Amino acid sequence: MIGATLSHADAAGRHWQFIVVGAGPGGSATALRLARAGRSVLLVDRGDMPRAKVCGCCLSATALHELAALDVFSGDDPAPVPLAAVRIVAGGRAARVPLGGATLSREALDTILVERAVEAGVHWLPEFLVTSLADAVDGVCLTGRAVGAEPTLSIACDHAVIAAGLADHVRIDACIDPTAPQATADNQPLRSQRAVAAASRIGLGATLPAAASDLPAGELVMAVGRGGYVGIVRLEDGRIDIAAAIDRATIAAAGRPADAIVALLAESLDGSGMRVSSAALHAADMRATPPLTHRSPLVAGVHARIFRIGDAAGYVEPFTGEGMGWALANARIFAAAALAADRPHVMADRYRSGHDRLFSAHHARCRGVARAVRHPWLVSGAVRLAQLAPWIAAHVVSLLVGASARRLLSGK
Ligand SMILES: Cc1cc2nc3c(=O)[nH]c(=O)nc-3n(C[C@H](O)[C@H](O)[C@H](O)COP(=O)(O)OP(=O)(O)OC[C@H]3O[C@@H](n4cnc5c(N)ncnc54)[C@H](O)[C@@H]3O)c2cc1C
């Protein structure tokens, strides 16, 4: 557990340059970058660190590049386990494709990032739920409360960053200047501004004991079935991480989330020789996410002082395993925009254009992959082709990782 660095009264007694809501990779990396540049930053999360998160825990080349640029790993930290290959399994067929990247549990990664942020001067307030943000011409007023407690607290800042992930329910309140021209549009609660893709799948995830599968370390399995897909990987401490994207109708028909995953694995792994314990899946603490594929406004409020980054700004379902890399890259371009501009609207324009330049092609590619994996026969056919002609595997990887990944890595 990383203890709070200040009391609620001290947090409310100061005016912050930035408050970051949410300490996933996007929020912590943003806080870290801003603090290293000398800004006063308060980072809050409704949870504590370490905490579990539905995630495949695979760090893409982009994620590793961003983490290296942040220089966050110290000798005492758990090290990411290199990933050598992905085994794509569909309809009982399996193709093993070489893969880069690494795996690290979210308990370890997110804790390391918060620790580094605190070392850089960020103030940290865990177990604090933010309920709303209201912007005015001269700043933002955040309202929240300690988890499990009633009294609310108000904290003032120049700019607020919502990095609250898919479960972002922070309300954007009525702007304080009722004469502002966009007041009516921007007074809509945040959830009504979120555009969720039709038939978006939801995420399910759990960690299982080491003995729950015979999967070796360094290999990712993607099991694709009719109602969704499941990623399975061994974490740095030996546990098995399960992360799935599944149709809501499939879960409803199965009864319980664990039943849906067991059925999907039975369908896809049949004959592949791989084992995942159904008993362990049923005993696991299974977590779920809201619908995965969505887009939300990057800048909220009338005065352009409230920003969204990471999953809170937009996400495409996770087959290609890039969400953490995107969140970390998003933190970099937000911090660059925030540090280069004094006036909120200039900051907002720079952030919007940097975000569009960096992400639109990647999101479009991932939407295409997400559409393709809705047809298990297509995946099974591709797996068969890859078995017959291994050079096809290289094309599969470039589709998954993206021909333009270099642009994301270089930030151009
Ligand atoms: C099934 C599945 C598999 C995935 N697999 C991978 C993978 O292998 N590789 C990869 O790179 N990505 C993967 N992802 C995506 C990845 O998990 C996300 O893209 C990434 O976590 C986004 O980071 P973030 O910082 O935007 O948000 P998050 O990591 O979601 O962090 C948000 C934080 O905000 C906090 N919060 C929320 N609301 C509030 C509030 N009101 N007040 C205070 N705090 C709040 C939460 O407690 C949380 O700590 C996967 C996702 C899913 C669903």
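Since the model is a prediction, treat every value here as computed from it, not as a measurement.

Draft legend 1. View of the overall build of the chain. For the chain, the helix and strand inventory stands at 14 helices and 22 strands. A total of 412 residues make up the chain; the buried ones form 50% of that total. Of all intrachain contacts in the chain linking residues separated by at least 6 positions in sequence, the fraction that spans at least 24 positions is 72%.

Draft legend 2. How the structure looks around the sheet that holds strand E3 (residues 58–59). Strand order across the open sheet formed by three strands is E3-E7-E4, with antiparallel pairing between neighbours. Looking at which strands have only one partner, the edges of the open sheet turn out to be E3 and strand E4 (81–82). Alignment of E4 against strand E7 (residues 102–103), held across two bridges, turns out to be antiparallel. In the strand pairing of E7, Val81 is matched with Thr103.

Draft legend 3. Summary view of the nonpolar core. In terms of nonpolar packing, the biggest core is built from 126 residues, with Ile19, Val21, Ile88 and Ala223 touching the most fellow members. In this structure, this core is formed jointly by two domains, domain 1 (8–51 + 108–198 + 293–367) and domain 2 (58–105 + 199–291 + 372–403), each of which donates at least three residues. Excluding anything up to four places from it in sequence, Ile19 contacts Leu42, Val44, Leu142, Ile155, Cys157 and Ala160.

Draft legend 4. Expanded view of the site of the ligand. Every one of the 46 residues lining the ligand counts as a neighbour, but Gly24, Gly56, Gly165, Gly310 and Gly323 are closest to it. The set of elements that each furnish at least two residues to the shell around the ligand consists of helix H2 (25–36), strand E9 (128–136), strand E14 (202–208), strand E17 (240–246) and helix H10 (323–340). Broken down by element, the shell around the ligand gets its largest block of residues, four residues, from H10. For the shell around the ligand, the class distribution of residues is 24 nonpolar, 16 polar and six charged. Looking at which domains feed residues into the shell around the ligand, each of domain 1 (8–51 + 108–198 + 293–367) and domain 2 (58–105 + 199–291 + 372–403) gives three or more.

Draft legend 5. Just helix H11 (residues 344–372), in detail. Taking 1.5 Å of rise per residue, 29 residues should cover 42 Å, and H11 covers 40 Å from first to last C-alpha, within 8% of that figure. Roughly 40° is the biggest bend found in H11, and it falls at Phe359. Here H11 has its buried residues at Pro344, Met347, Ala348, Tyr351, His355, Leu358, His362, Arg365, Cys366 and Ala370.

Draft legend 6. Spotlight on the packing of H2 against helix H4 (residues 106–119). Across the interface, H2 lies against H4 with an axial gap of 9 Å and an inter-helix angle of 20°. Classed by the angle they form, the pair H2 and H4 counts as roughly parallel. The two elements H2 and H4 cross, and the hand of that crossing is left-handed. On the side of H2, the interface is formed by Pro25, Ser28, Ala29, Ala31, Leu32 and Ala35, while H4 contributes Leu109, Asp110, Leu113, Val114, Arg116 and Ala117. Classifying every residue of the contact of H2 with H4 gives nine nonpolar, one polar and two charged.

Draft legend 7. Seen up close, the sheet that holds strand E19 (residues 294–295). Reading across the sheet, the three strands line up as E13-E19-E22 and stay open at both edges, with antiparallel pairing between neighbours. With partners counted over all chains shown, the strands left at the sheet margins are strand E13 (195–196) and strand E22 (314–315), one partner each. Two strands pair when backbone bridges link them, and E19 and E22 are joined in this way by two bridges, in the antiparallel orientation. What sits directly across from His294, in E22, is Tyr315.

Draft legend 8. Just H2, in detail. In a regular helix each residue adds 1.5 Å, so twelve residues correspond to 16 Å; H2 covers 16 Å between its end C-alpha atoms and thus fits that length. Of all the twelve residues making up H2, eleven are buried; the element is thus mostly covered by neighbouring parts of the structure. Among all positions of H2, only Pro25, Gly26, Gly27, Ser28, Ala29, Thr30, Ala31, Leu32, Arg33, Leu34 and Ala35 are buried. In this structure, the buried residues of H2 make contact with strand E1 (15–21), strand E2 (41–44), helix H3 (61–70), H4, strand E11 (153–162) and H10. Phi turns positive one or two residues past the end of H2, at Gly38, with a value near 95°.

Quick notes on the rules
- Residues numbered from 1 in each chain as written.
- Predicted model: local features only at pLDDT ≥ 70, side-chain atom pairs only at ≥ 80, totals over all residues.
- Helix = DSSP H or I, 4+ residues; strand = E, 2+ residues; numbered from the N terminus.
- Buried ≥ 20, exposed ≤ 12 C-beta atoms within 10 Å, placed from the backbone.
- Contact = placed C-beta atoms within 7 Å.
- Pairing = 2+ DSSP bridges.
- Core = buried A, V, L, I, M, F, W, Y, C linked by C-beta atoms within 7 Å.
- Domains from an automatic or database assignment.
- Near = placed C-beta within 6 Å.
- Nonpolar A, V, L, I, M, F, W, Y, C, P; charged D, E, K, R; others polar.
- Expected span 1.5 Å × (residues − 1).
- Bend = angle between axes of the 7 residues up to and from the residue.
- Axes fitted to C-alpha atoms, helices over the stretch in contact; angles between N-to-C directions.
- Parallel < 35°, antiparallel > 145°, perpendicular 65-115°, else oblique.
- Left-handed = near helix turned anticlockwise from the far one by under 90°.

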